[in-house]
Each structure stands twice: as C-alpha cells, then as structure tokens.
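Coordinate inspection notes
What follows is the residue order along each chain.
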Amino acid sequence: MPRAVRIRGDELEKTEREAKRRNLTEKEKEEEEESTALHPTSPRSPGEVAIRTSHPKILFAVFEPDDRTQLEAKQDRVVESVAEEESSSEPLSPPIYEPYLPEELADDPDILHDFKDAKARYYKERNRRIRLFTMDHHYYKAPSCLFNPHLLLPILEPARDAALRTAKSVILLSSFVGDDPLNKCSGLWFQRDDQSKTALVLTSAQLIREKNPKKPSEWRQQWTGKYLRDAEVFVHFLDNTAAPGRLLYLQEHYEFALYEFEVDKPVQLLTFTERVRCGQDVLRLGRDESLDLRISHGMVAHKIPSRHERCHYMYFSRDPSTRLLLQDDGGAIIDLEGKVVGLVNNHIVETFVPSFILHRCLDFWRRFNCMPRLHLGMAFTSIEHLDPICIERMTRDHNIESGLIVEQVSKGSNAEKIGIREGDVIESFNGKYVSTTIELEQMLIDICWDHFHQGKCLYEEKDVSVKIFDAIKHHRRTRNLTVIVSDLGEDIVKCTYPFMGKEAM
C-alpha cells in the first residue's frame, strides 16, 4: 500500500522541530493573547467567539467579530506526497504518433486499408489520453466565473486562492423520504469531535423542506411551509463515499439546519467573519451532483424584501456574465480572503443569511440548546435602503431620518392590538434606535440572551418598548409591545375577512 512521506529530508525536519521547541513558549503566549482578543470576557455576550470547548478534542469554526482588526500572515503550506511503489517490470506507457501515408504508397489498396485501421487506432488512443483528468480542461466547459480571467482580472488571483482554500469545507447533501429523493443542498463543515469521530454540518433548511406538488415551481419562493424532520439525509464526501446523518437542530425562521455525521478522517473547518458591506466582492460556492465545485462571482446587496422574504436576508447580486447556479442552497458566500460572510439561503431569489446571525444562533445553541428570537408580528423595510429622494422627503416633511417602515402586521397580533399599522415607522426598541433589519435581528437575539440568562424559557411573553411614528396621524408615541420568545418560524398572517354582503357589513 502506498505510504505517505514528506518531501523534506530528515535533517531538515529535525532542525524544524528544534526551532519549534525554541519558539513554543513565545507562540503559546501569542495564541493566548489572540484567544483573549477573540473571546469577550462577559458571560452574557452572545457575540462570544467559540473556537474550542473545554473538551480538547472538539473544534469549532472560527468567528471573527466585525470590529476586530488583525493582520494575518499567510500560512506556509506543508507539501506532502505519496510515494508510489513502481514495479521495475511494468512497461512504460508508449507515446502515440499519428500515422501518415507516403505518397508513393497511396495507390496500394492493401496498405490504404491498413492505414485506415492504424488511423482509427490512433484516434481511439488519442481520445483516451485526452480524457485523462489532467487534460479535461481542453473540452470541459467550466461553469466557474473564474475561468474567464478578463472579467475579473483585478481580483482573479485572490478569488482563486479564496475558492480553493474554502473548497474542502463545502460538501454535498441529499435527502430522501423512503426511496424517493427529496432535495439536494450544499453544506459546510463547522465543528468536529476527534474523539467520537463525528462532525457537524451547517446547511439550508431547504434540504428537508416539503415540496408543494400543486406549485412545484414556486415552492422555494415561499418562506412558509412544512419541514420533514424525519427525512433521511446523506453527506457525500469528496472521495465519492456517503454516510447517513441525524438532525440535531432546525431553525425554521432563519432557515438553516445542523446535522451530525460520523467521519473517519479530519474535516476542514471554516473561518466566518461578520465583516460584510454592501458592494463587497464575494464568491458563492456550492457543489453539484458530480461533486464538482460551483463558483459564482457577485457583490453583497441590500434590497427591499418581497412579502414572501424574511427581513433579515442579505442578497447576492450576481455578475451578469455568470450563469445561474442550481443546488447551492446551503453553500458559502465568501470574501476574497476565503472567510464566510453568509450561508446561501435560496438560489432562486439569491438570498443569504449573514454570518453574524449564524454566529449568535450557534452561541445560543451551545449554551442553551436552542436558537430563539422575538416574534414581533410585523415585517419591515429599512428606510436606509430606500431611494435617497424618498429619504430626503421624509426628513424634510416629517423629521424622519432612519427607522423601519412597517410593511405587514400579522392579523390578531399584539402589534395590531396596540395600534401599529402598515406604513408606520418603528424608530426604536427599548430606547435604542434601529436603522436596518439586520440591526433589528441583532437586537432581538440580544434581548433573548438576557431573557435566558435570567433563567427564563422558550415560548414565554416579554414586553419591549417601541417608539412609533403614526403615518396616518403624523405623531409619535411609545407603547409596550408584548412579544413571544420562540425558536419557530414566524409567519405573518394576512389580514383578511369573509365578505358576506352589504347587509352583514
């Protein structure tokens, strides 16, 4: 069996080990300082960056906070090779030569017949050689945006490095109900336990979402639906093997799931970052059924969500020259350093869940075994993301510079009962001004953290103070809004009533 050996000689390895021993104390100090910078000391902070637990064999993906600035040196790569045992009796592969027919023999029918046979053998062998894995770039039409260097020339080199650095952490998942296939999604390794030989995968909840047989083309465009928690899910390793997994947790509102799989070899974990801004160059990574990597270039964008989209979504504004990718729900949105800024949520509307939400949810899950948020009974649009003409008009006429416009109020909700209506502006929660729906989600999770830190539980009511600008009466008021602490998906119930005729009205 082939045996793995290092390219470097024994003497070089010995010198390297001695150098490492001399620098061990200094490196440990540096790692301790770095770990302190990454781990806030407050036990109440949901932004805590968990790299390792108290168990030395369990490793987590790294989360970098948005306000952290650190220069990272490019890690030296240790090259390893596999020494193949070569048999001296095995013949060398012969070179192939294309036959040609000399002019003086062109009229001989027997030679002409043999020449055609030789020509056929040549093309057969040539086609076989062209199909070698090292030569497939000649005929394979790459779906990667990085295959056309002219379009991405300014960022081509870092984009390639980032994609390849992240690739080993991006995997393919498939789900089944009985013998019937359900869905396929990508996924990301984010935790491993070397002692139990298990690893956790973060993926999109679309993996186990029930399809609507009446509207098969629209099922992914809705954020309400049924999830099949008992569906069988398999991970497809990059060596073409597969293994079954089990569902650990499903977050219906943020639409992602955690699965555990048995692994017989270490898996590569990712680095997540909360540093993401509108207009930032990013890559979208997923895997297809052949386990080939799918790469698309685009930019981070803020958009006004439709009635069927969550308020916390961020958007992947795809490069027009890049083809639309399929089956990359659950894949990674990465920056040009190879750090994950979000999880692909829906490849049709091209939304993703930003890393800061993933970070806080995973912190909650490790600490309290759940991922809650406050259910407000409303959906919003950020004033900050409107046309500047609209913002200036609001400021000029009503002294409104920022806040959240109420787009929907759930029928029968507490928000409806205290008089909040569509078109009103929510300017603050618990005395803190909020400008975007992303800020709102962070605030809602932080309130839940305090709620659980006080020893309270899921599905309990909690009062929050909201400052409202009444768009009809043009005045401000502050009210207490009773909300629910829940880890379920929040559905906004449309306000309807049965029309029974004029007499009933």
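Residues numbered from 1 in each chain as written. Predicted model: local features only at pLDDT ≥ 70, side-chain atom pairs only at ≥ 80, totals over all residues. Heavy atoms only, no water.

In the annotation of an unreviewed UniProt entry, the entry for the protein reads PDZ domain-containing protein, and the organism field reads Hordeum vulgare subsp. vulgare.

A short note on the overall build of the protein
Condition: Secondary structure is summarised from DSSP: a helix means a run of H or I of at least four residues, a strand means a run of E of at least two, and numbering begins at the N terminus for each. Partly exposed residues are those whose accessible area sits between 20% and 50% of the maximum for their type, while under 20% is buried and over 50% is exposed, using a 1.4 Å probe and protein chains only. Every residue pair with non-hydrogen atoms within 4.5 Å of one another is taken to be in contact. Using the Shrake-Rupley algorithm and a 1.4 Å probe, accessible areas are obtained, with residue cover drawn only from the displayed protein chains.
The number of helices and strands found in the protein is 7 helices and 24 strands. Sorting the 505 residues of the protein into buried and exposed places 43% on the buried side. Across the protein, every contact between residues at least 6 apart in sequence was considered, and the portion connecting residues at least 24 apart equals 64%. Accessible surface for the protein amounts to roughly 29200 Å². Of this, 51% is attributable to carbon and sulfur atoms.

A closer look at the UniProt feature "domain: PDZ" (unreviewed entry) in the protein
Just so we agree on the cut-off: UniProt positions are given in the numbering used here, feature names are shortened, and annotations may be inferred rather than shown by experiment.
In the UniProt entry, the feature "domain: PDZ" (unreviewed entry) is given for residues 405–444. Strand forms 30% of residues 405–444 and helix 30%; the C-alpha atoms that close the span are 17 Å apart.

Some details on helix α3 (residues 156–167)
This is how the line gets drawn: One less than the number of residues in a helix, times 1.5 Å, gives the span that helix is expected to have. In this description, the arc belongs to the directions extending from the helix axis to the C-beta atoms.
Relative to the 16 Å expected for 12 residues at 1.5 Å per residue, α3 spans 16 Å between its end C-alpha atoms, a close match to the ideal helical length. Of all the residues in α3, the buried ones are Leu 156, Ala 159, Ala 162, Ala 163, Thr 166 and Ala 167. Down the axis of α3, the buried set is contained in an arc of 130°. They therefore lie on one face. Away from the buried face of α3 by more than 90 degrees, exposed residues Glu 157 and Leu 164 are located. Buried residues in α3 make contact with β5 (170–177), β12 (281–287), β13 (293–301) and β15 (332–334).

Topic: the environment of Ile 96
Within the element layout of this structure, Ile 96 appears in the loop between β4 (80–83) and α2 (109–130). The partly exposed category is assigned to Ile 96, whose relative accessible area is 31%. Spatially, the C-alpha atoms of Ile 96 and Arg 129 are 9.4 Å apart, while their sequence positions differ by 33 residues. Discounting residues that sit within four places of it in the chain, Ile 96 has contacts with Tyr 122, Glu 125, Arg 126 and Arg 129.

Points about the nonpolar core
To keep things clear, this is the line we draw: Among the buried residues, those of types Ala, Val, Leu, Ile, Met, Phe, Trp, Tyr and Cys that are joined through side-chain atoms within 4.5 Å form a nonpolar core.
Formed by 72 residues in total, the largest nonpolar core has its most connected members in Phe 272, Leu 374, Leu 376, Met 378, Phe 380 and Phe 429. No other element matches the 9 residues that helix α7 (residues 437–453) contributes to this core. Sequence-distant contacts of Met 378, defined by excluding residues within four places in its chain, comprise Val 406, Gln 408, Val 409, Ala 415, Ile 420, Leu 481, Glu 490 and Ile 492. Counting 25 residues, the second-largest nonpolar core is a separate cluster that includes Ala 199, Val 235, Leu 250 and Leu 269.

Overview of the packing of helix α4 (residues 355–368) against α7
Just so we agree on the cut-off: Axes, fitted as lines to C-alpha atoms, cover a helix only where it is in contact. Angles between the N-to-C directions of the axes lie from 0 to 180 degrees. Oblique is the label for any angle not under 35 degrees, not over 145, and not in the 65 to 115 range, which are roughly parallel, roughly antiparallel and roughly perpendicular in turn. Gly counts as polar in this scheme, as do all residues outside two lists: the nonpolar Ala, Val, Leu, Ile, Met, Phe, Trp, Tyr, Cys and Pro, and the charged Asp, Glu, Lys and Arg.
With their axes 10 Å apart at the nearest point, α4 and α7 run at an angle of 10° to one another. As the angle between them shows, α4 and α7 are arranged roughly parallel. Contact residues: α4 offers Phe 356, Ile 357, Arg 360, Asp 363, Phe 364, Arg 367 and Phe 368, while α7 offers Ile 438, Glu 441, Gln 442, Ile 445, Asp 446, Cys 448, Trp 449, Phe 452 and His 453. Of the residues in the contact of α4 with α7, the class split is 9 nonpolar, 2 polar and 5 charged.

Regarding empty space enclosed by the protein
Condition: A cavity, in this analysis, means grid points on a 1 Å lattice covering only the protein atoms where a 1.4 Å probe fits yet has no way out; a pocket is instead an open set bounded by protein on both sides within 12 Å along at least five of seven lines, and a residue lines either one if it has an atom within 4 Å of a point. Grid points are joined across faces, edges and corners, and a volume is the space filled by probe spheres set on the points.
Counting across every chain of the model gives 2 cavities of 30 Å³ or more. Here the largest cavity is characterised by a volume of approximately 100 Å³. Forming the walls of the largest cavity are 14 residues, and the residues nearest its centre are Lys 303, Pro 305, Cys 311, His 385 and Thr 437. Breaking the lining of the largest cavity down by element, the ones donating at least two residues are β19 (378–382) and α7. Considering every element that reaches the lining of the largest cavity, the biggest residue donor is β19, with 3 residues. For the lining of the largest cavity, a count of residues per class yields 7 nonpolar, 5 polar and 2 charged.

Topic: unusual backbone geometry
Unlike most non-glycine residues, Glu 255 shows phi in positive territory, near 60°. With respect to the helices and strands, Glu 255 occurs in the loop between β9 (242–251) and β10 (256–262). For Glu 255, a relative accessible area of 4% gives the class buried. Residues other than glycine seldom take positive phi values, yet Asn 399 does so here, at roughly 60°. By the secondary structure assignment, Asn 399 is in the loop between α5 (388–398) and β20 (404–409).

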